[in-house]
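Structural description and commentary
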Amino acid sequence: MATAVLETGERETYLNREYGIQSWLLTVDHKRIALLYLMGITFFFFIGGFFALLIRLELLTPAGDLVQADTYNKLFTMHGQIMVFFFLIPSVPAVLGNFLIPIMIGAKDLAFPRINLLSWYLYMIAGVMMLYTILNGGVDTGWTFYTPLSTEFLKTNVVTAALAVFVAGFSSIFTGLNFIVTIHRMRAPGMTWNRLPLFVWAHYATSLIQVLGTPVLAISLVLVALERVLHLGIFNPALGGDPLLFQHLFWFYSHPAVYIMILPGMGIVSEIVCCFSRKRIFGYKAMAMALLGIAVVGFLVWAHHMFVAGISLYAALIFSLLSYFVAVPSAIKVFNWTATMYKGSITYQTPMLYAFGFVGLFTMGGLTGLFLASLGVDVHVTDTYFVIAHFHYIMVGGMVMAYLGGMHFWWPKISGRMYPEAWGRLAALLVFVGFNLTFFPQFVLGYMGMPRRYWDYSHSPEFQILNVLSTAGATILAVGYLLPMVYFLWSMRYGKPAPDNPWNAAGLEWMIPSPPSTYNFEEQPVVSWEAYNYDEIKEEVPVAN
Amino acid sequence: MQTSPAATVPGEAHENLALLHHFATPEQQKDAASLGMWIFLVTEVMFFGGMFCAYLIYRYWYFGDFAAASSSIDLTLGTINTAVLICSSLTVAMAVRCAQVGKQKSIVVYLILTIILGVAFLGIKGLEYKQKFDENHVPGQASFHLAGHVPRHPDLPVNQQHAQIYFSLYFAMTGMHALHMIIGVGLFSYLAYKAWKGLYGPGYYTPLENGGLYWHFVDIVWIYLFPLLYLIDRHP
């Protein structure tokens, strides 16, 4: 079938096929919905980042002088809730996953395009509820909504915040459901499970967690709301209810949720590392199984968040041991990325810089996770900045790095334009330096005993120097995050038109035009090759412009 | 919406009005819808699972008080409701069967019967709630009081706090179940309208089948709720 051409002579793409607000708000095209999500999560990323910046500014001096104590509680609560539920969890799946999964498996769309649009609307409704919560005075439960603090004592907007997260959860569930069905039922002829790109495997594992974990969070938050509004007493200690039960239910989701955040990032890094090393991934099956392994074991470790909360010693021992098991598949991934690069023909384009950053920072985040999994050390560093540094190494150093790497890698496909490579590299460098300067001092602070969630540390002024370093790093990080947004927007108009395959990369998404047409493929593709068949691709990555 | 050439299968085009553009065959579309529905039901199991988990723990801790509180609930109404719900599952199954064999009028009749049974269930449930309000068995109210003693322990009065936990779970679990029933009634009203328009027949009845799956799931939840909430340590 001939390529459709517009009256202007341009090739018809998903971007120029229709114009107008309605063609976006009522679209069922997975690529357009991905862009709708991109706008939503970018907005919330900068809101959450703004709160983080205020936190860092407050901690610049030991005295609590910039904001009041109550305001500070609200700042870290809303920073956490927005970043976790409105940025990290939807970020890669809803934007890059949405855009790429159907294309990577050779399908015209996700299995349920209208449910996909519904997911976005749910996300936006949840976002509006969260904004209402913020503007109405905020919420200060901590992102964890711990009872009975959240149910009995606080006077802030707990109910609207909990319901916002509840609705966002359903958006996440529907996305996961859509992906599972799509990957099962919509693969092109010849696209067997063992030929799937690891990006798709990663989203499959992620979706399993979303589908199995999120409903438990949903019911926990409903019960919190019911306790506040109707005075039910399921978690109320005054009635003999158990606050620990809430923590169990909460972490049953929220620990696996960490893997919702990191697994898609691992998928991205696998794609990037192979492309810029010009090699097939080392240990394809082990890599795919490691993704599933992390998802499964990740469901069995939640109580390591509760070692000092009063669970029994035997439970703690078992959860400690199980937590160590997560390190096995994680290490397989790190070693295999390294082995993939070994003797590869490596080039240092922006996506690869982010992938390097991811592997290193994820390793540091993972190894400090082992400190926290061991009972003795955990008692010492619980609720200190050591924990903060640890999970920011995973979520920001890992996930956000991977997300930015993926955005650069596929931006030519998404927008049909090249981003400016030199600026890209500069931003990647700034993000890496800024990130480490922000969070490495926090490991030290935590080990020295600085507790998290304190707004005033005037009794320990020796902590100030490390806090100043951290705040300085956060400033650099902020510049590193703003830069890509500026030059991505710039490139949409002024960037060089992207070729169909700017990196000479393997994968179905690089065999169709940039940007793709609405139905992705002119003809049903038939797959007869393994994923990452870089031994069959003779061209190198073109030299950067 | 423009359909692409791959979307039509030769010879079946006239039957495939409902085939969406991105599926190659009706079988693929039906498979996808069924798998999607089953996964959704898995999420529902996890959703209710959180409450069942809480129930399990508190019932183990506070068994005597749970038994006493459970005995205060109207067993007759609960039993009638169980029967009503099982009948409604039968009518749903009949509606799907009628679609498979092409009895289009009977589909509508069975769906309306299902809706009537569903509304009857909700009505009876409302009566039970009213009783609980009249008897001051609503948790969180200052007036809460459950008279009596732990079954077979005349010297052991009911712990009012623990009884409130029972009723918290009772209202949360049956309330969440009733909410699913209301959604189900709405869903079947829509399906009945579409069936009345003649949309479903032997060639296409996926929405009906998936709606039925949902309804059966909600029934099964009740099949667990009934003994767990109504039949704790009851003796004639």
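Computed from a prediction, not measured in an experiment: that's the story for all the values here.

A tally of regular secondary structure across chain B gives 6 helices and 2 strands. Counting only C-alpha atoms and orienting by the principal axes, one finds that chain B spans roughly 80 × 30 × 30 Å. Burial statistics for chain B: of 236 residues in total, 35% are counted as buried. Sequence-distant contacts, at least 24 apart, represent 75% of the contacts inside chain B between residues at least 6 apart.

With that settled, consider the overall build of chain A. When its secondary structure is counted, chain A shows 15 helices and 0 strands. In summary, chain A has a C-alpha radius of gyration of 23 Å against a globular reference of 24 Å for 545 residues, a match within 12%. Here the C-alpha coordinates of chain A stretch approximately 70 × 50 × 45 Å along the principal axes. Taken across its 545 residues, chain A has 57% of its residues classed as buried. Here the analysis covers contacts within chain A between residues at least 6 apart in sequence; of these, 85% occur between residues at least 24 apart.

On to the interface of chain B and chain A. The interface is formed by 31 residues belonging to chain B together with 34 residues belonging to chain A. For the side of chain B that touches chain A, the secondary structure elements donating two or more residues are α1 (26–61) and α5 (160–196) of chain B. Of the residues forming the side of chain B that touches chain A, the biggest block, 16 residues, is contributed by α1 of chain B. Along the lines of polarity and charge, the residues of the side of chain B that touches chain A split into 17 nonpolar, 13 polar and 1 charged.

Here we come to the nonpolar core. Ranked by size, the top nonpolar core spans 239 residues in total, and within it Ala-162, Leu-263, Val-269 and Leu-291 of chain A together with Leu-111 and Leu-169 of chain B carry the most contacts. Ignoring sequence-local partners within four residues, the contact set of Ala-162 of chain A consists of Phe-145, Leu-221, Val-224 and Ala-225 of chain A.

A few words on the environment of Trp-490 of chain A. When you line up the elements, Trp-490 of chain A lands in helix α15 (residues 464–494). Residue classification places Trp-490 of chain A among the partly exposed positions, given that 14 C-beta atoms sit within 10 Å.

Residue and element names in this part refer to chain A. In this chain, Thr-147 is followed by Pro-148 through a cis amide linkage whose omega measures 0 degrees. In this fold, Pro-148 is placed in the loop between α4 (113–135) and α5 (149–153). Residue Ser-514 is joined to Pro-515 through a cis peptide bond whose omega torsion reads -15 degrees. In the Ramachandran plot, Arg-278 falls in the positive-phi region, its phi being about 55 degrees despite a non-glycine side chain. The residue Arg-278 is located in the loop between α8 (243–277) and α9 (284–297) in this model. For Arg-278, a count of 21 C-beta atoms within 10 Å puts it in the buried group. We note that Asp-383 has phi near 55 degrees; this positive angle belongs to a residue other than glycine.

All names here are of chain B. In the predicted model, chain B carries a mean pLDDT of 91, and 92% of its residues have values of at least 70. Low confidence marks residues 1–16, where pLDDT is under 50. Its contacts with residues over four positions away, or in another chain, come to 14 contacts. Scoring the predicted complex yields pTM 0.94 and, for the interface, ipTM 0.93.

For the rest of this paragraph, the subject is α1 of chain B. An α-helical segment advances 3.6 residues per turn. Residues three or four places apart therefore align on the same side. Relative to the 52 Å expected for 36 residues at 1.5 Å per residue, α1 of chain B spans 53 Å between its end C-alpha atoms, a close match to the ideal helical length. Along its length, α1 of chain B shows its largest kink, about 30 degrees, at Gly-49 of chain B.

Attention now goes to the environment of Gly-265 of chain A. Residues and elements named next belong to chain A. If you trace the backbone, Gly-265 turns up in helix α8. For the pair Gly-265 and His-203, spaced 62 residues apart in the sequence, the C-alpha separation amounts to 9.4 Å. Those residues within four positions of Gly-265 in sequence are excluded, and the remaining contacts are Val-92, Phe-358, Gly-398, Met-399, Ala-402 and Tyr-403.

A few words now on the packing of helix α3 (residues 69–104) of chain A against helix α13 (residues 385–415) of chain A. Any two packed helices are characterised by the angle at which their axes cross and by the distance between the axes. Residue and element names in this part refer to chain A. For the pair α3 and α13, the least separation of the axes is 11 Å and the interaxial angle reads 25 degrees. By the angle between their axes, α3 is roughly parallel relative to α13. When the axes of α3 and α13 are compared, the crossing they make is left-handed. Facing α3, whose interface residues are Leu-88, Ser-91, Val-92, Leu-96, Phe-99 and Leu-100, α13 presents Met-395, Met-399, Tyr-403, Gly-406, Trp-410 and Ile-414. Here the residues of the contact of α3 with α13 sort into 10 nonpolar, 2 polar and no charged.

A separate point is the pairing of strand β2 (residues 153–157) of chain B. Residue and element names in this part refer to chain B. The buried fraction of β2 is low, at 0 of 5 residues. Across 2 bridges, the pairing between strand β1 (residues 149–150) and β2 is antiparallel. Note that in β2 the partner of Val-150 across the bridge is His-153. The hairpin formed by β1 and β2 contains 2 residues between the paired strands, and Arg-152 there has a positive phi angle of roughly 65 degrees.

To continue, consider α4 of chain A. Between its terminal C-alpha atoms α4 of chain A stretches 33 Å, which fits the 33 Å expected from 23 residues at 1.5 Å a residue. Directly after α4 of chain A, the chain includes Gly-137 of chain A, whose backbone phi takes a positive value near 115 degrees.

All names here are of chain A. Contact pair α3 / helix α7 (residues 198–229): the axes reach a minimum separation of 10 Å and the direction vectors enclose 125 degrees. Considering the angle they form, α3 stands oblique to α7. As α3 runs across α7, the sense of the crossing is left-handed. Within the contact between the two elements, α3 uses Pro-93, Gly-97, Leu-100, Ile-101 and Met-104 and α7 uses Phe-199, Val-200, His-203 and Thr-206. Here the contact of α3 with α7 is built from residues that sort into 6 nonpolar, 3 polar and no charged.

Residue and element names in this part refer to chain A. Relative to the elements of secondary structure, Leu-445 occurs in helix α14 (residues 421–448). Linking Leu-445 and Leu-466, residues 21 residues apart in sequence, is a C-alpha distance of 6.9 Å. In contact with Leu-445, other than residues within four places in its own chain, are Tyr-385, Met-450, Phe-463 and Leu-466.

Definitions and limits used
Residues numbered from 1 in each chain as written. Chains lettered and ligands numbered in written order. Predicted model: local features only at pLDDT ≥ 70, side-chain atom pairs only at ≥ 80, totals over all residues. Helix = DSSP H or I, 4+ residues; strand = E, 2+ residues; numbered from the N terminus. Buried ≥ 20, exposed ≤ 12 C-beta atoms within 10 Å, placed from the backbone. Contact = placed C-beta atoms within 7 Å. Rg over C-alpha atoms; globule rule 2.2 N^0.38 Å. Nonpolar A, V, L, I, M, F, W, Y, C, P; charged D, E, K, R; others polar. Core = buried A, V, L, I, M, F, W, Y, C linked by C-beta atoms within 7 Å. pLDDT = per-residue confidence, 0-100. Expected span 1.5 Å × (residues − 1). Bend = angle between axes of the 7 residues up to and from the residue. Axes fitted to C-alpha atoms, helices over the stretch in contact; angles between N-to-C directions. Parallel < 35°, antiparallel > 145°, perpendicular 65-115°, else oblique. Left-handed = near helix turned anticlockwise from the far one by under 90°. Pairing = 2+ DSSP bridges.

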